Amino acid sequence: MPPSIFLTTGPLGGETPGAAAPNRMEINDFVKDEKMFSLYIQALQVMMDTPQDEPDSFFQIAGIHGLPYVPWNGVGEESPAEAAGYCTHSSVLFPTWHRPYVSLFEQIIQRHAIHIAEQYVTDVCCWRKAAEDLRQPYWDWAKDSVPPPEVVSLQEVVIQTSDGRRTKVRNPLLRYRFQPVDTSFLGSFAKWPATIRYPTSTSPAAKDDVKRLLAVLQANQADLKSKTYALLTRARTWPDFSCNAAGNGNSTTNSLEAIHDSVHDVVGGTGHMGDPAYAGFDPIFMMHHCQVDRLLSLWSALNPDLWVSEAAETGGTFTIPPRSAVDEDTPLTPFRCSEDDFWSSSDVSGLCPTQLGYSYPEFNGLDLEDKMSVSVHIAGIVNELYAPQMMRRFLLPRISHRHDRQPTRKPLRHNTRSVSAISKHVAKVYTVFEVPMADDELMDGYLVLVPEPSWNLMPDLLWEWSVRIRVKKYQVGRSFSVLIFLGDVPEHPDEWITSPTYVGAHHAFVNSVPQRCANCVRRTSVTIEGFVHLNDAISRHTSTHFFEPEVMKWYLQRELSWRVRRMDGSPLDPDSLESLEVAVFAQPLTSPEYGSSFFMSGAPEYYPEITDDHIGGSYAGL
């Protein structure tokens, strides 16, 4: 075999008791395993120090995703389809393409780790076993949106080196230092000598704004959790699950790609992770995509008969021509499984892809051939890890009879002081909503009193309120976000995301120089879709636990608003985004039937009156 051919095998060897292949570990657990962490840090540094023109260097592997838009290992060199990276964004291949990509990175890390382990002079067998078992850690941002300090803030980390000593070393998880910055990089990216998150300036001396990064990550915890839970429990087709292209109007959840986009933007800001052309160079990228792959495994366990469906590739990649048909047999280039063949989505299927040498802890000890028992087990884990607070209450055991809690209306003429007194008086018994008359005159309205039952008298129906956002992906020219609020919005855009009235956002993950990417130029009209789920935020702001449309539509009409901001924090007038559509809907969720772990979802009901008086408010086509 010619030495130029680089095969993607995934890591080899190793064992996790009870697992089909060695486990990938969550990063918070991984940093506590001294041997694994010590080997990983050293192996990552070796990979980063490898000359940038070597195919197994950190630079070359990261560059597969985006810039410098050149062939990797010769794949597509003779007839490149597009001036773009190999990555399949807004495509049904998005989840499966990244599976061999992470495995390729993982196999190189393990190879270096095995060589490093051979240099240890004490506890030799244990170090060699740790190297064989070493897999890429994942960051479960849905469970804990703030990763440990070793990933976001520590300039140095303590590891045990081959001489047995505990030593402080430079932390390669924090940034990658280019050697040198590639000539294909433009703008600020051409100035920054290393990857950066929330840069303090555009100058070469810019630093990470760690305080801002941590605040934004924490502010998005509830949003990421609710989106992940909805994805795993309510996405029931491969197109709805896989990518962020706007669907036919039937979806009520974010796709895996849409949630993935959110994490890119909230981690990177205007730094490398916030731009698809440069994101692969940030060391947190693989940790993030390992989590994306884990969610693919969890969803597959819950939907064992669904996999990649055929679709038209509206854009294109370095090797996939635009408008071509793609399916489960499309080659996932540039990842070779042999000298003559590439991995395909069919090849990389499986809950624990032993063909690529890894598994996830959730599947340990399970009979993977028993699809039903695996699905039930994973459903329990999903409920435990990701069910939003309101869902948790409704998933508690309940008595069989329904509780009568019809809201009552009382005509009321009042002023603000009297409403305050009434609200205080009944707060322990009722949820209080001021419902205005048609002319929005609060001085002549209704006070709606909704009885609050005890926790063991939960009804069988829960209304899930959500905002659907559609917008043209490339209209702004770089990454941007549509932010949703319940209540007053701070005047200064820097305070928007950390405001207590902030609920969540839909993020567009966009190349900052789209004219450099042929795919981006062609797809200027592509519309992306995302959702922000409101129930937990409504409960926090009103203390209610029930969400009947009769009450909620008035509340949301008054309290719901949105703002648009670029990744640099600057506001964008929604009026300039003619493609922006913001719609509100309620979806009835009926309590799980016997033997079922999740709510049964009904058809969504849209309420145009909530948003049609606002710029961008719409429910076109519904």
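Quantities reported herein were computed from a predicted structural model and do not represent experimental measurements. (Residues numbered from 1 in each chain as written. Predicted model: local features only at pLDDT ≥ 70, side-chain atom pairs only at ≥ 80, totals over all residues. Heavy atoms only, no water.)

With that settled, consider the environment of alanine 84. For alanine 84, the location among the structural elements is in the loop between α3 (58-63) and α4 (94-117). On the basis of relative accessible area, alanine 84 is assigned to the buried category, the value being 4%. Considered as a pair, alanine 84 and proline 68 are 16 residues apart in the sequence and their alpha carbons are 8.4 Å apart. (Helix = DSSP H or I, 4+ residues; strand = E, 2+ residues; numbered from the N terminus. Buried < 20%, exposed > 50% of the residue type's maximum accessible area, 1.4 Å probe, protein only.)

Our next topic: the side chain of threonine 96. Mapped onto the elements of the fold, threonine 96 is located in helix α4. Overall, threonine 96 belongs to the buried group, its relative accessible area being 0%.

Applying the stated rule across the entire model yields 9 cavities of 30 Å³ or more. Its volume calculated, the second largest cavity comes out at about 170 Å³. Every element with two or more residues in the lining of the second largest cavity is listed here: α8 (221-234), α13 (389-395), β10 (461-472) and α16 (535-542). The element contributing the most residues to the lining of the second largest cavity is α8, with 6 residues. (1 Å grid on protein atoms, 1.4 Å probe; cavity = no way out; pocket = protein on both sides within 12 Å on 5 of 7 lines; lining within 4 Å. Points joined across faces, edges and corners; volume = space filled by probe spheres on them.)

What follows covers helix α10 (residues 256-268). The end-to-end C-alpha separation of α10 is 19 Å, in line with the 18 Å expected for 13 residues at 1.5 Å each. Counted residue by residue, α10 has 13 buried out of 13 residues, so it is predominantly covered. Remark: glycine 269 follows α10 within two positions and exhibits a positive phi of approximately 60 degrees. (Expected span 1.5 Å × (residues − 1).)

The next subject is the confidence of the model for the chain. Taken residue by residue, the chain gives an average pLDDT of 86. The fraction at 70 or more is 84%. Across residues 397-431, confidence stays below pLDDT 50; counting only partners more than four residues off in sequence or on other chains, it has 66 contacts. Under a pLDDT of 50 for its full length, residues 450-457 has, in the predicted model, 29 contacts with residues more than four places off or in other chains. (pLDDT = per-residue confidence, 0-100. Contact = heavy atoms within 4.5 Å.)

Let us look at unusual backbone geometry. Going from leucine 67 to proline 68, the amide bond is cis rather than trans, its omega being 15 degrees. Geometrically, the link from glutamine 179 to proline 180 is a cis peptide bond, its omega value of 5 degrees lying close to zero. By the secondary structure assignment, proline 180 is in the loop between β2 (166-170) and α7 (210-219). Of note in this structure, serine 90 is not a glycine but carries a positive phi near 50 degrees.

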